[in-house]
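# A closer look at the structure
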Amino acid sequence: MISRFFKIQLAILLVAVSAVNVQANLFIEINRGNDNPSPVAIVPFAGAQGLPEDIQAIITADLERSGFFRPIPKTDMLSMPTDKSEVVFRDWRVLGANFLVIGQMTPEADQYIVRYELYDVLAQKNILTAQVKGGRDGLRDIAHAVSDAVYEKVTGIRGIFSTKMLYVQDLRKPSAGRYRLMYADVDGARAQVLLASSEPILSPTWSADGKRIAYVSFETSRPAIYIMDMATGRKTQMTHFRGLNGAPSFSPDGTQLAMVLSKDGMPDIYVMTIANKRLRRITNDHYIDTEPNWNADGSGVIFTSNRGGSPQIYQINLSNGRPERLTFEGDYNARPRVSPDGKSLVMVHRQSGVYHIATQDIATGNMRILTETWLDESPSIAPNGAMLLYATQHNKKGVLGAVSMDAGVKFRLPAKEGDVREPAWAPYL
Amino acid sequence: MIDRVSLFSLPLLVTLLLHGVLIWAVVHVWQVPEPPPNFKKPEFVKATLVELKTKAPEKKSAGSKIKKIDLTANKKDNTAELKRRQQKEAAAQKARQIKAQKAKDAKEKAAQQKAAKEKAQREKAAAQKRALEEARKRQQEALDKALLQEEMMLAEQAETEVVNSYKAIITERIISKWSRPPSARRGMICELVIQLVPTGKIITVNITKSSGNQAFDRSAEQAVRAVDQIPELQNMDINTFERNFRTIHLQFNPEDRRL
C-alpha cells in the first residue's frame, strides 16, 4: 500500500519533470505569411494647414502605392497627435494601425523644416526620428522624402517616391507639339515638357548617373539617336544612318551607347563609344536583333532576336561575342530590361495572344507573369528593384501602369491628355 | 502558600500517575515484535549440529584404540598365559563393546538422518512457498508498473493531441498577421520567444535570433503582437497550459517566398 503510494508520487514527479522539458521546447514554425498591407496612420503634420500641397495626402498616396502599406483614413483617427507627448498607443491599436507617422512643420526664412517620427504601434516604440528641409515650391519633395524614409525603415528597401521618370505623350492631333518627351515625378505629378515635336519621339532612356538621357527622334524626318544633358538641356545628335536608328541604351559606366542600326541590311546590335562616336558591330546575321540593354556589370548586352524562329531574349558576351539564349517559355519574349541587382529580367511575354509583363530569374530561368491587362509593353524597373512601370491600354487610351515585382500591387497613374507610353524610370540621383 | 501547593498537588499527582503508567507500559506492555527471520535461523543451526554428532563417535573409537595399545604394554611383565587370556577376554569384551556401540551409533544416526531429512523437506517446502510468493509479487509489481506506464502514455498522447490542435490555432493566427517586407527572402530566419498567460494573452515577445534584416525581424515581432491574444487557450486545462504554452519558441521562416 505504502510502496504503491510512493510509486504514484514517483510517476507524478516524472510527469512533472518531463513537462518541464516539454515546456522549454514547444516550438512553432511560421513558414507562410499573409502579406496583407501593413496598416499605417499618417497624421496631418502640425503647421501644414493652408499650404499649396497636402503633405499628409501625398505621403498617404505614396505609401499606399508601394503596396506594402494600407493607410488609415484621416476621418477614422481618434486623435491627431503632432508630438510624442500626445501619442496614445491604445487609440492606434484600436484602429488596427501597425505604424504611426506624426510630424511638425516649422517655417524658417523661405524654407520649411519638417521634423517627423515613425512609431511601431504594436511594440509601442519610436523607430525613426528625422528632419527634412525644403522650400515652398518643394513641398512635394518634402512629402516624398518622408515617404522614402518611412518605407525604407519598415521594408528594409530604399524608397523610390522621390525618383523621376520619362515618358512619351502623343496628343493624337497633328500639331507642332503633337509628340512630347515628358519628365515627371513617379507619381505623375509635376510633369514637364523636355521636348515637343510634330514627329514621333521614341525610346527615352537614362544614363546610370541620371545626368543624361538618350532618345530617338524623327524630327529630321529620319530616325536619329540624341543624347540630352539634363542640367543644361543641350541635345547632341549621335546617329544619322540610313534605315533604322533605334533603342539606345547607356552602358553602366556611361561611356558607351548600345543601339540598333540597319545600315548594313537587317537590324543589328552596335555599340558606340560616346566620346568619339566610334561604332562596333556586335551582331551580324540575317535575323532581326533589336532592343539592346546592358547587363549589370557591362560585360554583355541582352537583346531580342528572332534567330530561333520566334522573338526570344539572348545575351551576348562582349569580350568573346558568344550569344546565349535566356528565354524559352512561350513563343514571344521581347523588350528585356535587367533589374538593378542584375539577377532578373523583365520583358514583354505573350501568352494566348495577350501581351503581359513578365519577370524571369536569370540564374534559374523561372518566369512569372506580373500583369493581366491587354497590350502591356515597355517595362521599366524602379531603381530599388521593387516595382516597375509599364505602358498599357485603358479605355482605348495609352496609360502608364505600375506593379510591384511580387505582383502584389498594381495601379494606373492618372490619365493624361492623349496617349502615354514608353515610361523610363530614372535612377537614384 | 499552602493554598498554592494544594492547588498544584492534584495536577502533580495526575502527572506522576500518567508517567508511572507510561513507564509501566513501556517496560511490560511494549514489546518489539520479533522479526519473522528468527524462526528460520535455529533450523539452520540444528542442521549443522547433526553433522557434529556424526563426527563425534569416530573420535571416541579412535581414543579407545590408543588405550588398548597402552594396556598391552603394561602387562608384558606378567605371565604370557594370563596375558593371553586377559587379552582374549579384553578383546572379546572390546568387540562386544564396539558392537554395542556401533549398533547404538547406527540407531542414533538413522534417527538423526530421518529428522534431518524431514527438516530439509520442510525447509524445501517453505522455500518453494516463499519463491512462489516472491514470483507472484514480482509479477504484480510488473503489472502495476506496466499499467502505470500505459496510463502515463495515454495521458501524454491525449495531451499531445490537445497541444497540437492549439498549436495549429496559434500558427494560423500568426500567419494571418504576418506581412513580410519586400526585402524578405527565402532562407531568412528569425526566432522569437513569447510568453503567455492562461487568458491566452501574449505578455512578452523577445527576438532571440535575428535574421540580420531589421525590417524582417520587425515584421515577425509585429505579427505576434498583432495577434495579441489567443482566447481559445482559456478553454484549456490549466496544467496542460502550464506545461506547454507558458513559453513558446517561434521560428519565422518564409519558405513560401519566391525569392
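Keep in mind the model is a prediction, meaning the values are calculated, not measured. (Residues numbered from 1 in each chain as written. Chains lettered and ligands numbered in written order. Predicted model: local features only at pLDDT ≥ 70, side-chain atom pairs only at ≥ 80, totals over all residues. Heavy atoms only, no water.)

### Overview of the overall build of chain B
Check the secondary structure of chain B and you find five helices and three strands. Each helix and strand of chain B, placed in order from N terminus to C terminus, yields the pattern α-α-α-β-β-α-α-β. Residues counted as buried form 21% of the 259 residues belonging to chain B. (Helix = DSSP H or I, 4+ residues; strand = E, 2+ residues; numbered from the N terminus. Buried < 20%, exposed > 50% of the residue type's maximum accessible area, 1.4 Å probe, protein only.)

### Brief notes about the sheet that holds strand β2 (residues 38-42) of chain A
All names here are of chain A. The mixed open sheet is built from five strands, whose spatial order is β3-β2-β4-β5-β6. The sheet terminates laterally at β3 (69-71) and β6 (125-135), the two strands that pair on one side only. Neighbour-to-neighbour, the strand axes of the sheet open up by a mean angle of 25°, direction not taken into account. One ladder, built from three bridges, connects β2 with β3; its direction is parallel. Looking at β3, one finds that P39 is bridged to R70. Relative to β2, helix α2 (residues 55-65) is tilted by about 170°, and along the sheet it contacts β2, β3 and β4 (99-108). (Pairing = 2+ DSSP bridges. Axes fitted to C-alpha atoms, helices over the stretch in contact; angles between N-to-C directions. Contact = heavy atoms within 4.5 Å.)

### Points about the side chain of D289(A)
Residue and element names in this part refer to chain A. Among the secondary structure elements, D289 is positioned in strand β18 (residues 289-294). Its relative accessible area of 0% is what places D289 among the buried residues. Ignoring sequence-local partners within four residues, the contact set of D289 consists of V260, P267, D268, I269, T283, F303, T304, S305 and R307.

### Remarks on the confidence of the model for chain B
On average, residues of chain B carry a pLDDT of 81, and 78% of them reach 70 or more. Low confidence marks residues 39-68 of chain B, where pLDDT is under 50. Its contacts with residues over four positions away, or in another chain, come to nine contacts. (pLDDT = per-residue confidence, 0-100.)

### Focus: the packing of α2(A) against helix α4 (residues 139-155) of chain A
All names here are of chain A. One way to put it is that α2 packs onto α4 with a least axis distance of 9 Å and a crossing angle of 45°. One way to sum up the angle between α2 and α4 is to call them oblique. Every pair of crossing elements has a handedness; the one defined by α2 and α4 is right-handed. Contacts from I55, I58, I59, D62 and L63 of α2 reach α4 at L139, R140, A143, H144, V146, S147, V150 and Y151. Grouping the amino acids of the contact of α2 with α4 by side-chain chemistry returns nine nonpolar, two polar and two charged. (Parallel < 35°, antiparallel > 145°, perpendicular 65-115°, else oblique. Left-handed = near helix turned anticlockwise from the far one by under 90°. Nonpolar A, V, L, I, M, F, W, Y, C, P; charged D, E, K, R; others polar.)

### Here we look at the pattern of salt bridges
Pairing is possible between side chains of opposite charge, provided their charged atoms come close. One pass over the structure, following the stated rule, counts 29 salt bridges over all chains. Measuring nitrogen to oxygen at the nearest pair gives 2.5 Å for the salt bridge that ties D35(A) to R180(B). Linking D35(A) in the loop between β1 (27-30) and β2 with R180(B) in the loop between α3 (80-177) and β1 (190-196), this pair reaches from one chain into another. The class for R180(B) is buried, based on a relative accessible area of 4%. The closest approach of N and O atoms between D289(A) and R307(A), which form a salt bridge, is 3.1 Å. Of this pair, D289(A) sits in strand β18 while R307(A) sits in the loop between β19 (300-305) and β20 (312-317), and the two are 18 residues apart along the sequence. (Salt bridge = Lys/Arg side-chain N within 4 Å of Asp/Glu carboxyl O.)

### Some thoughts on unusual backbone geometry
All names here are of chain A. Even without a glycine there, the phi angle at S378 is positive, about 50°. Considering the arrangement of structural elements, one finds S378 in strand β26 (residues 377-381). Here S378 falls in the buried class, since its relative accessible area comes to 6%. Of note in the backbone geometry, N395 takes a positive phi value of approximately 55° without being a glycine. Relative accessible area serves as the criterion here: at 64%, N395 is assigned to the exposed category.

### Let's talk about the interface of chain B and chain A
With 44 residues of chain B at the interface, the matching set in chain A holds 41 residues. Counting the surface lost from both chain B and chain A, the interface buries some 3900 Å², and carbon and sulfur atoms represent 53% of this. On the chain B side of the contact with chain A, R218(B), Q222(B) and R258(B) bury the most area, a combined 16% of that side's loss. The interface formed by chain B and chain A contains four salt bridges. Notably, a salt bridge pairs E172(B) with R32(A), separated by 3.1 Å at the nearest N-O pair. Seen at the junction of chain B and chain A, the total is 19 residue pairs in polar contact (both at pLDDT 80 or more). Among the elements of the structure, α3, α4 (214-227), α5 (238-244) and β3 (247-252) of chain B are those that each provide at least two residues to the side of chain B that touches chain A. (Buried area = accessible area lost by both parts, 1.4 Å probe. Polar contact = N/O pair within 3.5 Å; in protein donor to acceptor, adjacent residues only side chain to side chain.)

### Observations regarding the pairing of strand β10 (residues 201-206) of chain A
Residues and elements named next belong to chain A. Extensive coverage of β10 is indicated by the burial of five of its six residues. Two elements, β10 and strand β11 (residues 212-217), share four bridges in a ladder whose sense is antiparallel. Its bridge partner being in β11, L202 is matched across the sheet by V216. Linkage of β10 to β11, two consecutive antiparallel strands, is achieved through a turn of five residues, within which G210 is found at a positive phi near 70°.

### Description of the nonpolar core
In terms of nonpolar packing, the biggest core is built from 48 residues, with F45(A), L63(A), F69(A) and M105(A) touching the most fellow members. Top element by residues in this core is α4(A). It accounts for seven residues. In this structure, this core is formed jointly by two domains, domain 1 (38-155) and domain 2 (164-425) of chain A, each of which donates at least three residues. Setting aside residues up to four positions removed in sequence, F69(A) forms contacts with P37(A), S38(A), V40(A), L63(A), E64(A), F99(A), V150(A), Y151(A) and V154(A). I174(B), V205(B), F216(B) and F245(B) belong to the second largest nonpolar core, which has 30 residues in total. (Core = buried A, V, L, I, M, F, W, Y, C linked by side-chain atoms within 4.5 Å. Domains from an automatic or database assignment.)

### Section: the packing of aromatic side chains
Residue and element names in this part refer to chain A. With the rule as written, the count across this model stands at eleven aromatic pairs over all chains. Between the aromatic rings of F89 and Y119, the centroid separation amounts to 5.8 Å while the plane-to-plane angle is 70°, which identifies the pairing as edge-to-face. Taken together, the residues F89 in helix α3 (residues 89-94) and Y119 in strand β5 (residues 111-120) connect sequence positions 30 residues apart. Exposure class is identical for F89 and Y119. Each is buried. Measuring from ring centre to ring centre gives 5.6 Å for Y215 and Y226, while their planes differ by 15°; the resulting arrangement is stacked. In this pair, Y215 is assigned in strand β11 and Y226 in strand β12 (residues 224-229), connecting sequence segments eleven residues apart. By the burial criterion, Y215 is buried, and Y226 matches it. Members of the aromatic cluster, each reached through a chain of ring pairs, are F68, F69 and F99. Positioned above the aromatic ring of Y428, the side-chain terminus of R158 is 3.5 Å from the ring centre. (Phe/Tyr/Trp six-rings, centres within 6.5 Å; stacked < 30°, edge-to-face > 60°. Lys NZ or Arg CZ within 6 Å of the ring centre and 35° of its normal.)

### A look at the sheet that holds strand β30 (residues 419-425) of chain A
Residues and elements named next belong to chain A. Pairing is antiparallel across the open sheet formed by four strands, whose spatial order is β9-β8-β7-β30. The sheet terminates laterally at β9 (192-197) and β30, the two strands that pair on one side only. Strand-to-strand twist of the sheet, defined as the mean angle between neighbouring strand axes without regard to direction, takes the value 20°. Note: strand β7 (residues 164-170) against β30, five bridges, orientation antiparallel. Counted as the bridge partner of L166 is A424 from β30.

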